[in-house]
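Chain residues, written in single-letter form:
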Amino acid sequence: MSKNTPLRRERIAPGSRKIIMVAGFRWEKDQDTLIKAMAHLPENFHLFLVGDGVRRKECEALAAHTGVAERVHFLGIRSDVPALLHAADYVVMSSHFEGLSLSSVEGMSVGKPFLASDVDGLREVVKGAGVLFPHGDADSLTNEILKLEKSPELYRSVAGSCRIHAAEFDIHKMANKYFEQYQSFLSHE
């Protein structure tokens with residue numbers, strides 16, 4: 001691993017595959033499913049959880065209980081999230097529910113496959129670009145990651161779709177869409 005990568009402080013072997021989730025450790029988020037999936041992924045996979053909160057200790061205990069504590073890295077609150085996202089191989093948002101998830105749009109924009117729980121809020125942002133897996137289903141999440149891992153073509157396709165789809169949420173495009181909608185309303189009066 002290059003000295004310039006933001007994940008350099010973690011002791012992982014070169015060639016390891018890096019999964020990242022950026023979310024507070026609170027009830028709405030579901031880091032548990034991702035931690036459980038790690039138990040079924042090959043040893044060269046490492047999970048980086050960025051954030052902090054009331055459920056962090058619970059998630060640390062789950063990582064120890066499932067035997068993946070050496071491969072699950074709790075990074076706390078970080079100011080270099082964009083660089084961390086770019087350094088990862090997979091970006092995941094496992095959640096019980098979401099509103100319009102800005103962190104999901106940011107995760108999709110880095111050109112890596114984005115995988116998310118198939119729940120309200122995430123479904124609307126991710127559908128047609130990233131990979132949706134059934135809520136709370138660690139086995140399905142594992143299978144989706146392994147499917148992407150086994151097919152470089154699929155990996156590139158999903159990553160490209162995510163990047164293109166995330167651009168639709170650009171503030172300038174959104175402002176123009178709102179402006180067009182307002183003009184449409186005014187022209188009908």
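Numbering of residues starts from 1 in each chain and follows the order in which that chain's sequence is written. Two thresholds apply to this predicted model, a pLDDT of at least 70 for residue-level local features and 80 or more for giving and counting side-chain atom pairs, whereas whole-chain, interface and lining totals are computed over all residues. Hydrogens are left out, water is left out, and the side-chain values use all remaining heavy atoms of the structure.

1. Remarks on the overall build of the protein
We count it as follows: Helix numbering and strand numbering both begin at the N terminus, where a helix is a DSSP run of H or I of at least 4 residues and a strand a DSSP run of E of at least 2. We call a residue buried when its accessible area falls under 20% of the maximum for its residue type, exposed when it is over 50%, and partly exposed in between, using a 1.4 Å probe and counting protein chains only. Here, two residues are considered to be in contact whenever any of their heavy atoms come within 4.5 Å of each other.
Broken down by element type, the protein carries 8 helices and 6 strands. Scanning the protein from its N terminus toward the C terminus, one meets helices and strands in the order β-α-β-α-β-α-β-α-β-α-β-α-α-α. When burial is assessed residue by residue, the protein has 46% of its 189 residues classed as buried. Residue pairs at least 24 apart in sequence account for 67% of intrachain contacts in the protein once pairs closer than 6 positions are excluded.

2. Things to note about the pattern of salt bridges
To be explicit about the condition: Put simply, a salt bridge is a Lys or Arg side-chain nitrogen that is within 4 Å of an Asp or Glu carboxyl oxygen.
Using the criterion set out here, one finds 15 salt bridges in the structure. Across the pair Glu-149 and Arg-17 runs a salt bridge, and its minimum N-O distance is 2.9 Å. Here Glu-149 is found in helix H6 (residues 138–150), whereas its partner Arg-17 is found in strand S1 (residues 17–22), with 132 residues between them in sequence. Given a relative accessible area of 28%, Glu-149 falls into the partly exposed group. Residue Asp-89 pairs with Lys-18 through a salt bridge whose shortest N-O separation is 3.6 Å. Remark: Lys-18 occurs in strand S1 and Asp-89 occurs in the loop between helix H3 (81–87) and strand S4 (90–93); sequence separation between them is 71 residues. Since its relative accessible area comes to 11%, Asp-89 is described here as buried.

3. Quick look at the sheet that holds S1
Basically, it comes down to this: Any two strands with at least two DSSP-identified bridges between them are counted as paired. Only the contacting stretch of a helix is used when fitting its axis, a line to C-alpha atoms as for every element, and angles between N-to-C directions run 0 to 180 degrees.
Here 6 strands make up an open sheet; going across it, the order is S3-S2-S1-S4-S5-S6 and the pairing parallel. Looking at the sheet topology across the chains shown, the edges are occupied by strand S3 (72–76) and strand S6 (131–133). Between one strand and the next, the sheet's axes are offset by a mean angle of 25°, whatever the strand orientation. Pairing analysis gives 3 bridges linking S4 to strand S5 (residues 114–117), with the strands arranged parallel. In the sheet register, Met-93 faces S5, and the bridge partner there is Ala-116.

4. Here we look at the packing of aromatic side chains
What describes a pair of aromatic rings is the distance from one ring centre to the other and the angle between the planes of the rings. Put simply, the rule reads: In summary, the pairing rule links any two rings of Phe, Tyr or Trp, Trp by its six-membered ring, whose centres are within 6.5 Å, and it sorts them by plane angle into stacked for under 30 degrees, edge-to-face for over 60 and tilted for everything else.
Counted under the stated rule, the structure contains 4 aromatic pairs. Between Phe-25 and Phe-74, the ring centres sit 5.9 Å apart and the planes meet at 35°, which makes this aromatic pair tilted. Taken together, the residues span a long stretch of sequence, with Phe-25 in the loop between S1 and helix H1 (31–38) and Phe-74 in strand S3 at a distance of 49 residues. Of the residues examined, Phe-25 reaches a relative accessible area of 1% and is grouped as buried. Ring geometry for Tyr-90 versus Tyr-155: centroids 5.4 Å apart, planes at 85°, classification edge-to-face.

5. Some thoughts on the packing of H1 against H6
Defined as follows: Geometric relationships in this document are graded by angle, where less than 35 degrees denotes roughly parallel, more than 145 denotes roughly antiparallel, 65 to 115 denotes roughly perpendicular, and other angles denote oblique. By definition, turning the near helix anticlockwise from the far helix through less than a right angle yields a left-handed crossing, and turning it clockwise yields a right-handed one. Classification convention: Asp, Glu, Lys, Arg as charged; Ala, Val, Leu, Ile, Met, Phe, Trp, Tyr, Cys, Pro as nonpolar; all other residues, Gly among them, as polar.
Where H1 meets H6, the axes come as close as 8 Å, and the angle between the chain directions of the two elements is 60°. Classified by the angle between their axes, H1 and H6 sit oblique to one another. For the pair H1 and H6, the sense of crossing is right-handed. Contacts from Thr-33, Leu-34, Lys-36 and Ala-37 in H1 reach Ala-138, Leu-141 and Thr-142 in H6. Its residues assigned to classes, the contact of H1 with H6 shows 4 nonpolar, 2 polar and 1 charged.

6. Side note on the side chain of Lys-112
Selection rule: This count recognises Lys and Arg as positive and Asp and Glu as negative, with His and chain-terminal groups excluded. Any N or O atom pair separated by 3.5 Å or less is treated as a polar contact, with the protein-specific requirement of one donor-capable and one acceptor-capable atom, and with residues adjacent in sequence counted only for side-chain atom pairs.
Inspection of the secondary structure assignment puts Lys-112 in the loop between helix H4 (102–108) and S5. Although Lys-112 lies buried, it forms no salt bridge, and the closest oppositely charged side chain, Asp-89, sits 5.5 Å away as judged by the N-O distance. For Lys-112, the side chain forms a polar contact with the main-chain oxygen of His-86, separated by 2.4 Å. Apart from the residues lying within four places of it in its own chain, the contact partners of Lys-112 are Leu-85, His-86, Ala-87, Ala-88, Asp-89, Val-91, Tyr-155, Ala-159 and Cys-162.

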